[in-house]
Amino acid sequence: MITDLIFDFAARTPDKTAVVYNGQPLSYRSFAANIALARGYFASRGVTGSGLAVLVILNLLDFWVLSLALRSLGLTTIAVQSVEAFEEYGLQEARCVVASAAEGAPGLEDWCEANSCGLFRVSLVGEASLGQHEGAPPEHPGGHVLLTSGTTGLRKKVLMDPAFEAEFMRDRQAILGIDQDSVVAAFGFGAWTGIGYNSPLSAWFVGATAIIDQDREPHMALLYPGVTHAMVFPQLLAGLLAAPEGVFPRNPAMHLSVTSGAITQVQIDQTRARLTPRIFNRVGSTEVNTFANTLLESPEDHRWHRLVEGREVQIVDDRDRLVPVGEIGRVRVSTKGGPTGYLDDPEATAAFFKDGFFYPGDLAVMREDGRMALQGRVTDVINVRGHKILPAPIEIRLREALGVSGVCLFSMQDDNGEEELHVAIETPAPIATEVLAAALQREIEGYPGVHVHFVPALPRNDTGKIVRRAVVFDVLAAR
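Each value, and the rule that gives it
Residues numbered from 1 in each chain as written. Predicted model: local features only at pLDDT ≥ 70, side-chain atom pairs only at ≥ 80, totals over all residues. Heavy atoms only, no water. Buried < 20%, exposed > 50% of the residue type's maximum accessible area, 1.4 Å probe, protein only. Helix = DSSP H or I, 4+ residues; strand = E, 2+ residues; numbered from the N terminus. Pairing = 2+ DSSP bridges. Axes fitted to C-alpha atoms, helices over the stretch in contact; angles between N-to-C directions. Parallel < 35°, antiparallel > 145°, perpendicular 65-115°, else oblique. Left-handed = near helix turned anticlockwise from the far one by under 90°. Contact = heavy atoms within 4.5 Å. Nonpolar A, V, L, I, M, F, W, Y, C, P; charged D, E, K, R; others polar. Core = buried A, V, L, I, M, F, W, Y, C linked by side-chain atoms within 4.5 Å.

(A) Looking closely at the pairing of strand β5 (residues 96–100). Counting buried positions along β5 gives five out of five residues, so the element sits mostly inside the fold. As defined by bridge partners, strand β3 (residues 52–56) adjoins β5 across four bridges and the pair is classed as parallel. Opposite Leu55, over in β5, you have Val98 as the bridge partner. When β5 meets strand β6 (residues 118–122), the two strands line up parallel, connected through five bridges. Counterpart to Val97 in the pairing with β6 is Leu119.

(B) Region of the structure containing the pairing of strand β17 (residues 328–334). Of all seven residues making up β17, five are buried, and the element is well covered by its neighbours. With four bridges connecting them, strand β16 (residues 313–316) and β17 associate as antiparallel partners. Looking at β17, one finds that Ile315 is bridged to Val331. As paired elements, β17 and strand β20 (residues 362–366) share three bridges and run antiparallel to each other. In the strand pairing of β20, Ile328 is matched with Val365. Judged from the two bridges that link them, β17 and strand β19 (residues 357–358) form a sheet pairing that is antiparallel.

(C) Broad picture of the packing of helix α2 (residues 28–44) against helix α3 (residues 60–72). Put simply, α2 and α3 touch, their axes get as near as 8 Å, and they point 60 degrees apart. By the angle class used here, α2 and α3 are oblique. Where α2 crosses over α3, the two elements pack in a sense that is right-handed. On α3, the residues touching Phe31, Asn34, Ile35, Ala38, Arg39 and Phe42 of α2 are Leu61, Val65, Leu66, Leu68, Ala69, Leu70 and Ser72. For the contact of α2 with α3, the residue count by class is ten nonpolar, two polar and one charged.

(D) Representation of the sheet that holds strand β12 (residues 255–259). Ordered by their spatial adjacency, eight strands build an open sheet running β2-β1-β10-β9-β11-β12-β13-β14, and the pairing between neighbours is mixed. What marks the edges here is a single partner per strand, and that holds for β2 (24–27) and β14 (289–295). For this sheet the average axis-to-axis angle between neighbouring strands, irrespective of direction, equals 20 degrees. The pairing of strand β1 (residues 17–21) with strand β10 (residues 209–212) spans three bridges and is classified as parallel. Across the sheet, Val19 pairs through a bridge with Ala210, a residue of β10. Here helix α6 (residues 162–176) sits on the sheet and contacts β11 (229–232), β12, β13 (279–285) and β14; the angle it forms with β14, its principal contact strand, is near 5 degrees. In the packing of helix α7 (residues 194–204) onto the sheet, contacts are made with β1, β9 (183–187), β10, β11 and β12, and the angle to β10 comes to roughly 150 degrees.

(E) Inspection of the nonpolar core at higher detail. One finds Phe31, Phe42, Phe86, Phe187 and Trp204 to be the most contacted residues of the largest nonpolar core, which totals 106 residues. Residues within four places of Phe187 in sequence aside, it is in contact with Ile211, Ile212, Asp213, Pro218, Ala221, Leu222, Ala230, Met231, Val232, Leu236 and Leu240. Among the nonpolar cores identified, the runner-up in size contains 18 residues, and Ile315, Val323, Tyr342 and Ala364 belong to it.

(F) Geometry of unusual backbone geometry. Even without being a glycine, Phe187 presents a positive backbone phi close to 55 degrees. Since its relative accessible area comes to 4%, Phe187 is described here as buried. Of note, the phi angle at Asn289 is positive, near 70 degrees, even though the residue is not glycine. Along the chain, Asn289 falls in strand β14. On the accessibility criterion, Asn289 (4% relative accessible area) is buried.

Right, dumping it as structure tokens:
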């Protein structure tokens, strides 16, 4: 289990930096000591054994210390941002709620009283430690629950079970090249997201260093010496590139992993010039980890993904038959070594997990050489007057042609009930009429009367992906 590994590294490499939080390094010795204090706090209050602990903690370092302590005592943890999330995620059966004594987190007392749930506002000052081998070991170590919305549009719970977590992390380390000498910039992603959970954990599993930088300018995480890996979403990368020249150093050896969406060629060129030439486009999901990882060296690498060696990825039709090379079908990925369903949601599990595969909802096409190009999402296919359109490839090309950060294509009915095509463009500045007209004519010729909407920011989820339904709602509200 991860907590045992942290204690072991504290004994073997006590002075090595385990985590850098907002610029302040914490050694493995100190990290383990804080976890031991938290173990003592919870054990002395009878919080051991099985059950779900809900952590409402904004400070990510505090979250990790308390979560790892609880898991080592047998509890499974989940991170949420406020009491409003309790009903949404069905947490009424939680054994306890954990908050920091230093944070407000209003409304917890009332909710816990109404649901007969224990509440702990934790301060570790003056607490006695409970070391790695002290106290009765739990019958089963606890896991951590992640929240994902990529497949269904609604939040689902994914349990990272210790039974497979070590293999899951080894897989990730091998793909990304993380070893004991790595320094991994995990930025300030929430612990309920896959990237926010897996990035620091993949470092600690091998005794490496994780950088967590929260509530500061994103480039601050890159100022720590010797960063070897950085995990970003396209929106975070855009924020880094918007920083003034010279505020962070170029790091040619750094492995920059971009996930949860494509970036433009302009961004690729800027990243090579300002950050690193080692830019990887990573495709995966919370449910099945990374299944494609492509070093962006040539223009085709931007579209055609290299599948991870040993990962079983198939393109199938609606009857789960393999489609021929060059034909569009649904992506499915083997669940070996990872979750096999959603927590407390048999209906969603039946819909997206089947026969040892997970169906992420992506459409794709495979090339003769085994490389794969995504073609959008099953649920995103637009039907306009009998013509079916895959928006994703068009959106990518429009974004490149217009030099903007986001494009969203969708259809809506007019007053006569006819479907019309709409394009929402994320841009802070006007686009020349002739440039826009030429791009639209080239990409969506044959659909006259396309409605164009300019917006300063498109609605996005926690991972930076555009929420198409929210774009439609915004346009409807503006009518």
